[in-house]
Amino acid sequence: MSINWNEYQPNQFYDELIRQPGKPRPAGRKLAGYLCKLTEQELTERRNAAEVTIQQMGVSFTVYTDGQNIDRSWPFDIIPRVIDSKQWQSTELGLKQRLKALNMFINDLYHDQNIIKDGIVPAHIIKESKNFRKECIGVSPPYGVWAHICGTDLVRDEDGKFYVLEDNLRVPSGVSYMLENRAITKRVFPELFESVRILPNNAYPAELLKMLGSLSPRKIKQPQIVVLTPGIFNSAYFEHAFLAQEMGAELVEGSDLVVNDDNIVYMKTISGLERVDVIYRRIDDLFLDPEVFNKDSVLGVPGLMRAWKAGKVALANAPGAGVADDKVVYAYVPKMIEYYLGEKAILPNVETFLCEDPEQRSYVLANLDKLVIKPANESGGYGMLVGPHSTKKMRDTFAELIVGNPRNYIAQPTLKLSTAPSLVEGTQPKPRHLDLRPFILQGKSMYCTTGGLTRVAMKEGSLVVNSSQGGGSKDTWIVDMEKR
């Protein structure tokens, strides 16, 4: 039995592929038509082919469970998510606009703090930020850019518009899986890439290398660029190794680097010390340099901050960029865009309630069963409350947390996240909620991925898309409808 789109029920949600039973959206017509011609056996064979490909390619992620690191194969759904290129063009402009303003904000905070003096962002929000680094005050990285790599999470509500859910500016991850998803899909559905105008997304490694090279303090043809990883036990190690290989850069750990008295970073090689110009670091601020931050850290490099402040090495992302990776600061981004750029935000935020505001806090506490509560600086979907799926005990616990530390919590409405058909089990697709993480680069110039990483909540009714909590992923197609 083949797929019957007449029986697919998106219900009250905006579905990315099927507008209503039996009627695909224009950008997805060829995909929907192709899928319904496949037999049940052919669909099963394609799904099995994807699983074999994932194992052959070694695409994995690490989950921390009961004190152990467990490597798991990447959870992948073979039905791609389809977005019209025309809509994507305006989305890309909005993402670039947002990162530009965020970098101006970070640079302002570590210099004159005009946005605080002018009353746009309250001073105490920065004063109480766990990611504001006083050690970075007065530093001027190249081009005034602190967050060189940003992963912005987008969601679609029932109106079909994209909204920004959050910005990831510290050490955003996931881009390797975006690229691998495309490689897997090309093996599973090679014929579709001949009949559908799918825009390529494989430029990212070259663009990342170009951006990192633009930061080099030495203006030479081939600066020495390294990827600094915490090591093989980190959950994102697959990505660290993948990106280093794709860029032709060295993958190093802290023990592979040394900072001499000349404030220059050197890499240990079999032929001696070799100067490093740019470090793409995948280590949190507090573990970067035991001379300045966590003195017990063995992941970082003693003297690294000295070298960075002296302008002898570039760090991406720069230390201190995480001050804008805060869900309370997130609420002020539309105002930042107006303040620094004199423009209205192209991409709207999700409506957000700040628990530090007494009036908004009262509303949140009275509506915990309807809202999503998030801590200001957690990631990966941890430490949050999804009100409609919570128990009274869970809501009581969060009420105490909010009252005890209101600055640390925000609340948002429970969105009717868009869905897309997913082959969770069997061969008849079911609607599953999803989000999208595009990646934006900023150095001398800006670049945005064509689409991004689509994450899927594989459990029925779930809104949690993180792979560490049972989520999966699928390829993201930006389909050009204008060319014929």
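See the structure above.
Let me begin by describing the structure that accompanies this report. Since the structure is predicted, the reported quantities are computational estimates derived from the model, not experimental observations.

### Notes on the sheet that holds strand β15 (residues 353-354)
Here four strands make up an open sheet; going across it, the order is β15-β18-β16-β17 and the pairing antiparallel. Strands with a single pairing partner mark the edges of an open sheet, and in this sheet they are β15 and β17 (385-386). Across two bridges, β15 lies against strand β18 (residues 409-413) in antiparallel orientation. By the bridge assignment for β18, L354 is matched with I410.

### Some remarks on the pattern of salt bridges
For the coordinates displayed, the defined rule picks out 24 salt bridges. Salt-bridge contacts for D167 lead to R98; the nearest nitrogen and oxygen are separated by 2.8 Å. Of this pair, D167 sits in strand β7 (residues 162-168) while R98 sits in helix α3 (residues 85-109); the two residues are 69 residues apart in sequence, bridging distant segments of the chain. We classify D167 as buried; its relative accessible area is 4%. Given a relative accessible area of 2%, R98 falls into the buried group. Where R306 meets E291, a salt bridge forms, and the shortest distance between an N and an O atom there is 3.2 Å. Of this pair, R306 sits in helix α10 (residues 304-309) while E291 sits in the loop between β13 (278-281) and α10; the two residues are 15 residues apart in sequence, bridging distant segments of the chain. Exposure remark for R306: the relative accessible area of 33% places this residue in the partly exposed category. On the accessibility criterion, E291 (44% relative accessible area) is partly exposed.

### Re empty space enclosed by the protein
Throughout the structure, instances matching the rule amount to two cavities of 30 Å³ or more. Of the volumes computed, that of the largest cavity is approximately 40 Å³. Looking at the lining of the largest cavity, the elements with two or more residues in it are β7 and α11 (327-330). Residues of the lining of the largest cavity, tallied by class, amount to two nonpolar, no polar and five charged. Every residue lining the second largest cavity is listed: I149, R170, V171, P172, Y280, R281, R282, A316 and N317. For the lining of the second largest cavity, a count of residues per class yields five nonpolar, one polar and three charged.

### What about the sheet that holds β13?
Here we have four strands laid out as an open sheet, ordered β9-β8-β13-β14, and parallel in their pairing. Each having just a single partner strand, β9 (250-252) and β14 (314-316) make up the two edges of the open sheet. Put simply, the sheet's adjacent strands are angled 25° from each other on average, direction ignored. As paired elements, β13 and β14 share three bridges and run parallel to each other. Opposite I279, over in β14, you have L315 as the bridge partner.

### As for the environment of T185
Topologically, T185 is positioned in helix α6 (residues 175-188). For the pair T185 and M247, spaced 62 residues apart in sequence, the C-alpha separation works out to 22 Å. The contacts of T185, once residues within four sequence positions are left out, are F76, P80, P190, F193, D475 and W477. Within the structure, T185 has its side chain in polar contact with the side chain of D475 (distance 3.4 Å).

Definitions and cut-offs
- Residues numbered from 1 in each chain as written.
- Predicted model: local features only at pLDDT ≥ 70, side-chain atom pairs only at ≥ 80, totals over all residues.
- Heavy atoms only, no water.
- Pairing = 2+ DSSP bridges.
- Helix = DSSP H or I, 4+ residues; strand = E, 2+ residues; numbered from the N terminus.
- Salt bridge = Lys/Arg side-chain N within 4 Å of Asp/Glu carboxyl O.
- Buried < 20%, exposed > 50% of the residue type's maximum accessible area, 1.4 Å probe, protein only.
- 1 Å grid on protein atoms, 1.4 Å probe; cavity = no way out; pocket = protein on both sides within 12 Å on 5 of 7 lines; lining within 4 Å.
- Points joined across faces, edges and corners; volume = space filled by probe spheres on them.
- Nonpolar A, V, L, I, M, F, W, Y, C, P; charged D, E, K, R; others polar.
- Axes fitted to C-alpha atoms, helices over the stretch in contact; angles between N-to-C directions.
- Contact = heavy atoms within 4.5 Å.
- Polar contact = N/O pair within 3.5 Å; in protein donor to acceptor, adjacent residues only side chain to side chain.

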